[in-house]
Amino acid sequence: VPIIEESQYLGTLLHNLNAAARLEATAGLAHEDTIDLNRLVDRVVDRHRPVARRKEIALELALPERPVEIRGDLTLLEQALGNLVQNAIRYNRAGGHVAVVLRGVTDDWALDVIDDGPGVPEAERTRVLEPSFRGSEARTRHPHGMGLGLHIASDVADRHRLMLTLGETEGGGLTVTLRPGLDT
């Protein structure tokens, strides 16, 4: 395993363990600030470019012209989004593609992390959001993972009254969508 990818994985694992502990220790959000989602998404994607390049995966980003602002905990949102982007890269194959697309405006937006990797079978899509559950493809490709990434992303979404959905990418792969929930 290349050193850059392994060090990023270990760093993410430590951040995930820290996030899991924070989430378990508190109800709701510890911090709530106005966050420029465009800047956050750009920063997370930029941080994942070196690993994507080494794995020969095209990592694309699309942002709306106007900033999308949301209220929330910046650290938790950054961890959740980082988990989604890292998973899309980690479980993809050389020559694959990952697109991170933020669209809409402050009150009506959606963020898609789209990959053309192996995807997650429909029967496992709800379960991969549970703590420590790992899909069959994840266990095969990376047997040492802990199954925290999607669970943390789902928990962070819930605490921000956001909906996180997993769907099939047309032509194969996984599309994870994050959007405001019905009660926001």
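Residues numbered from 1 in each chain as written. Predicted model: local features only at pLDDT ≥ 70, side-chain atom pairs only at ≥ 80, totals over all residues. Heavy atoms only, no water.

1. Some remarks on the confidence of the model for the protein
Phase 1: Put simply, the protein has an average pLDDT of 81, and 70% of its residues get 70 or more.
Phase 2: The low-confidence segment residues 138–146 (pLDDT under 50) makes 22 contacts with residues lying over four places distant or belonging to another chain. (pLDDT = per-residue confidence, 0-100. Contact = heavy atoms within 4.5 Å.)

2. Quick look at empty space enclosed by the protein
Phase 1: Applying the stated criterion to the full structure yields three cavities of 30 Å³ or more.
Phase 2: Its volume calculated, the second largest cavity comes out at about 90 Å³.
Phase 3: Elements that contribute at least two residues to the lining of the second largest cavity include exactly helix 2 (37–54), helix 3 (74–90), helix 5 (149–159) and strand 6 (162–168).
Phase 4: At four residues, helix 3 tops the list of elements feeding residues into the lining of the second largest cavity. (1 Å grid on protein atoms, 1.4 Å probe; cavity = no way out; pocket = protein on both sides within 12 Å on 5 of 7 lines; lining within 4 Å. Points joined across faces, edges and corners; volume = space filled by probe spheres on them. Helix = DSSP H or I, 4+ residues; strand = E, 2+ residues; numbered from the N terminus.)

3. As for unusual backbone geometry
Phase 1: In the Ramachandran plot, E56 falls in the positive-phi region, its phi being about 60 degrees despite a non-glycine side chain.
Phase 2: Along the chain, the position of E56 falls in the loop between helix 2 and strand 2 (58–62).
Phase 3: Looking at E56, the relative accessible area reads 56%, which means it is exposed.
Phase 4: Positive phi outside glycine occurs at R161, with the angle close to 55 degrees.
Phase 5: Tracing the chain through its elements places R161 in the loop between helix 5 and strand 6. (Buried < 20%, exposed > 50% of the residue type's maximum accessible area, 1.4 Å probe, protein only.)

4. Some thoughts on the pattern of salt bridges
Phase 1: All chains considered together, the criterion is met by six salt bridges.
Phase 2: A salt bridge links R43 to E78, with the shortest nitrogen-to-oxygen separation between them at 3.0 Å. Residue R43 is found in helix 2, and its partner E78 is found in helix 3; the two are separated by 35 residues along the sequence.
Phase 3: For R43, a relative accessible area of 36% puts it in the partly exposed group.
Phase 4: The exposure class of E78 is buried, given its relative accessible area of 16%. (Salt bridge = Lys/Arg side-chain N within 4 Å of Asp/Glu carboxyl O.)

5. Re the packing of helix 3 against helix 5
Phase 1: At a minimum axis distance of 9 Å, the contact between helix 3 and helix 5 shows a crossing angle of 140 degrees. Taken as axis vectors, helix 3 and helix 5 run oblique relative to one another. Between helix 3 and helix 5 the crossing geometry is left-handed. Here L76, L77, Q79, A80, N83, L84 and N87 of helix 3 come into contact with helix 5, specifically with G149, L150, I152, A153 and V156. (Axes fitted to C-alpha atoms, helices over the stretch in contact; angles between N-to-C directions. Parallel < 35°, antiparallel > 145°, perpendicular 65-115°, else oblique. Left-handed = near helix turned anticlockwise from the far one by under 90°.)

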